[in-house]
Protein chains: 2
Amino acid sequence: MSDSFKGPTTSRRQFLAGAASVGAGAIAAGSAKAAGDPLITEVQDWASGLGEGVDEVPYSLPIEFESDVIRRNVPWLTADPISSINFTPIHALDGTITPQGCAFERHHSGAIEMRKQDYRLMINGLVDTPLVFTYEDLVRFPRENHVYFCECAANTGMEWAGAQLNGAQFTHGMIHNMEYSGVSLRTILQEAGLDAAGDLKDKWVYVEGADASSNGRSIPMEKALDDCLVAFTANGEALRKEHGYPVRLVVPGWEGNMWIKWLRRIEVTDAPVESREETSKYTDTQEDGTSRKWTWEMDAKSVVTSPSPQSPIKHGSGPLVITGLAWSGRGAIERVDVSLDGGKNWHEARLAAPGEKMAVSRFYLDINWDGTDMLLQSRAIDDTDYVQPTKTQLRDVRGLNSIYHNNCIQTWWVKSSGEAENVEVS
Amino acid sequence: MSDSFKGPTTSRRQFLAGAASVGAGAIAAGSAKAAGDPLITEVQDWASGLGEGVDEVPYSLPIEFESDVIRRNVPWLTADPISSINFTPIHALDGTITPQGCAFERHHSGAIEMRKQDYRLMINGLVDTPLVFTYEDLVRFPRENHVYFCECAANTGMEWAGAQLNGAQFTHGMIHNMEYSGVSLRTILQEAGLDAAGDLKDKWVYVEGADASSNGRSIPMEKALDDCLVAFTANGEALRKEHGYPVRLVVPGWEGNMWIKWLRRIEVTDAPVESREETSKYTDTQEDGTSRKWTWEMDAKSVVTSPSPQSPIKHGSGPLVITGLAWSGRGAIERVDVSLDGGKNWHEARLAAPGEKMAVSRFYLDINWDGTDMLLQSRAIDDTDYVQPTKTQLRDVRGLNSIYHNNCIQTWWVKSSGEAENVEVS
């Protein structure tokens, strides 16, 4: 693997060979065009005049040529677009941070618009002193910063029944990874006082949003006091409207439905509320027809983002960067393996940085592609030694009729043309 | 300090006291309003209907209420807006990541627009095989991810002569901090082969951009082979137009002028070119009238971003979060101290995360403000034990007529009204 990157001498030899072939060394083949390529030999328009001035765009969007790197929905997935889903264009991104502007959305009654001065957060139930905070109150508490992934429980949900959606954006794009700043939920609960709650071990918090759905969820007190954040900013700036402006809950490693947006109320209770969102929805039906009561933690998962159906190989055989994302709600990613042959042989991928708890890792595998078909897979292993399962392994337990918590190994059939397709291997 | 955050019991006591005073405990005073506050007791419009659907905004901008969190320029700073500067709104951000959309710009001939298919990168000079790469060629090399700050050498430059600009955005906003993905410059140079260059110790690379200014700079080979990146993405997505789409050079820890945008050419040379941008510009005149030949590394620096002139205290006395940014081109931030009295006494601030090499650190100091005037300062110390100097210390060496590389300690006079002003202390 990666023969053309072993050093300058090898590379140059491959360049010389590459100029005459479509095989290894194709990277440098562009140089053959240098003498006659007006894009490098002639002065271009952009080097002959002035570009845009700094007054013109006080807050920019991506350049027009990247207009396909956007959130997309799947119209047939839900009947009502207001209560629907769109997907992060993970096939077109690199690194680990997801820009807020293209980070997936999932709403139960649409994205509402609320001014900071209209924001209120109530803490009630089994607390010593029920409190109502304004936004200005909240930002006076000590703040923390953390990068965390947020994955919808239904991410990859359409794949239970078969290889249905042709692109990493659609199969795995209900995930984003952002740097949050906010106040720990523990701090807020302590401000209201937990003596009245007695033994905290069997206590819960019920959290709900200010939107019409309210999307209420019960969280065990142990998690509430551990690492949950009442967040104000993502990637440095205010949460965008669709991400819960001005305040959302961050529940690291747990399903996105619990990350309540437009957070309105936190009630300390002595039992889970068993709301709609945690009973008829967001629970997993097993092969035997029973449903698992709750599945909060998002198990270790990964996907190759490129090449993939929306990101085909355009340059022919030779050096190829295979890349993707891996994450685990149980902790940090420790290793990612990549298979080119549908899981028969595995190659350890390179993590761009050591894994961080409940944050996305970027992996790379640099290969010298021979131009033949590949069945590309990736397999994540986290620091609890949990190994991402195959689709078959998951189905043995969960059957074909689940929706949520599908963390199976994904397969892309990469054809000799460079195009890729979502397939299943037995 | 921070008395109200010591634990729930203390906090609650302060809350009860706070309800009757403007002193400590004011955080929870909002709760006194709960009974009569229709924003929490009444059903609001946003809880009675549907919000925006996911189809409507495939790529979002910040919510309209945040329309003041934008890049701003200072019209009198340069005559021609095309060759001018704008500033990151650091006073309004939290965390460490700077969103691309509001990350400062500095152009020498405006921001140009180039398609990926029109992009070419030439490697020439003392290389074994001169090469021209297309964009598609470049993305076939192994990629890396790193978060780095980029600071313009002229950041804080107006402060040499006095306290001139009233806001952290203007005094310190020529900085951004993003996660880059790209290919190491070393890889690109090795692809062209460096045997022809002989002893690399006295060799240089001359790098230039595709815009009209070309903005050429010489970089010692040691740095070029160390940690420079040929970057394609920032914070996960393609570089925006103003940040060098499709390819910019990243020169970690070194002045922003060397981070060539729209990177067009890399020439291996046996001496620095001594271009305009590294002789008459971007050099530092000393007190004795001579100029230091080059100053590449950005020394350790910090600034309190809030409270600050553009981010006054709105809530009166009591718990107050003091926060800011620190960074060093020499390595990682190890410690930040904050003074409330113009440098007489220092308090160690809390770093939100351990410092990372050539990346911004966020610091916090949580205090119980007594409502009297403060002379707020911050002082960064990096892992080489370099300590950010006072303005007086810098002026003793550099005089009053410098422009670049001002990393002095900044002072904000925070008044009892909560408003703040840029001042100097002797």
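Quantities reported herein were computed from a predicted structural model and do not represent experimental measurements. (Residues numbered from 1 in each chain as written. Chains lettered and ligands numbered in written order. Predicted model: local features only at pLDDT ≥ 70, side-chain atom pairs only at ≥ 80, totals over all residues.)

## Observations concerning the interface of chain B and chain A
Each partner contributes to the interface: chain B provides 112 residues, whereas chain A provides 110 residues. The class makeup of the residues in the side of chain B that touches chain A is 50 nonpolar, 31 polar and 31 charged. (Contact = placed C-beta atoms within 7 Å. Nonpolar A, V, L, I, M, F, W, Y, C, P; charged D, E, K, R; others polar.)

## Quick word on the sheet that holds strand β15 (residues 333–339) of chain B
Residue and element names in this part refer to chain B. Read from one edge to the other, the open sheet built from five strands follows the order β16-β15-β19-β20-β21, with strand pairing classed as antiparallel. Edge positions in the sheet fall to β16 (347–348) and β21 (420–423), since each of these pairs with one other strand and no more. Where strand β19 (residues 374–382) lies against strand β20 (residues 411–414), four bridges are found, and the strand directions are antiparallel. Note that in β20 the partner of M374 across the bridge is V414. (Pairing = 2+ DSSP bridges. Helix = DSSP H or I, 4+ residues; strand = E, 2+ residues; numbered from the N terminus.)

## Brief notes about the confidence of the model for chain A
Residue and element names in this part refer to chain A. On average, chain A scores 90 in pLDDT, and the residues at 70 or more come to 90%. Per-residue pLDDT stays below 50 along residues 1–26; that stretch engages in 57 contacts with residues further than four places along the chain or on separate chains. Here residues 28–32 scores under 50 on pLDDT; set against residues more than four positions off or in separate chains, the count is 15 contacts. Model confidence for the complex is summarised by a pTM of 0.93, with the ipTM given as 0.92. (pLDDT = per-residue confidence, 0-100.)

## A word on helix α5 (residues 185–192) of chain B
For the α-helix, the turn length of 3.6 residues means that residues three or four positions removed from each other point alike. Residue and element names in this part refer to chain B. In terms of residue burial, α5 counts as a mostly covered element, since seven of its eight residues are buried. Within α5 the residues assigned to the buried category are L185, T187, I188, L189, Q190, E191 and A192. Positive backbone phi, at 90°, marks G193, one or two positions downstream of α5. (Buried ≥ 20, exposed ≤ 12 C-beta atoms within 10 Å, placed from the backbone.)

## Notes on the relation of the copies chain B and chain A
If you rotate chain B by 180° and push it 0.0 Å along the axis, it lands on chain A with an RMSD of 0.0 Å. The superposition operator between the copies reduces to a two-fold rotation axis. Interface overlap between copies is the fraction of interface residues in one copy that are interface residues in the other; for chain B against chain A it reaches 98%, indicating a shared surface. (Least-squares fit on C-alpha atoms with pLDDT ≥ 70 in both.)

## Some details on unusual backbone geometry
Excluding glycine, residues mostly carry a negative phi; peptide bonds, for their part, are mostly trans. For the peptide bond that leads from S306 of chain A to P307 of chain A, omega is 0°, which places it in the cis range. Mapped onto the elements, P307 of chain A comes out in the loop between β13 (301–306) and β14 (318–327). Cis geometry is adopted by the peptide bond preceding P246 of chain B, which originates at Y245 of chain B and carries an omega value of 5°. One can find P246 of chain B in the loop between β8 (237–238) and β9 (248–250).

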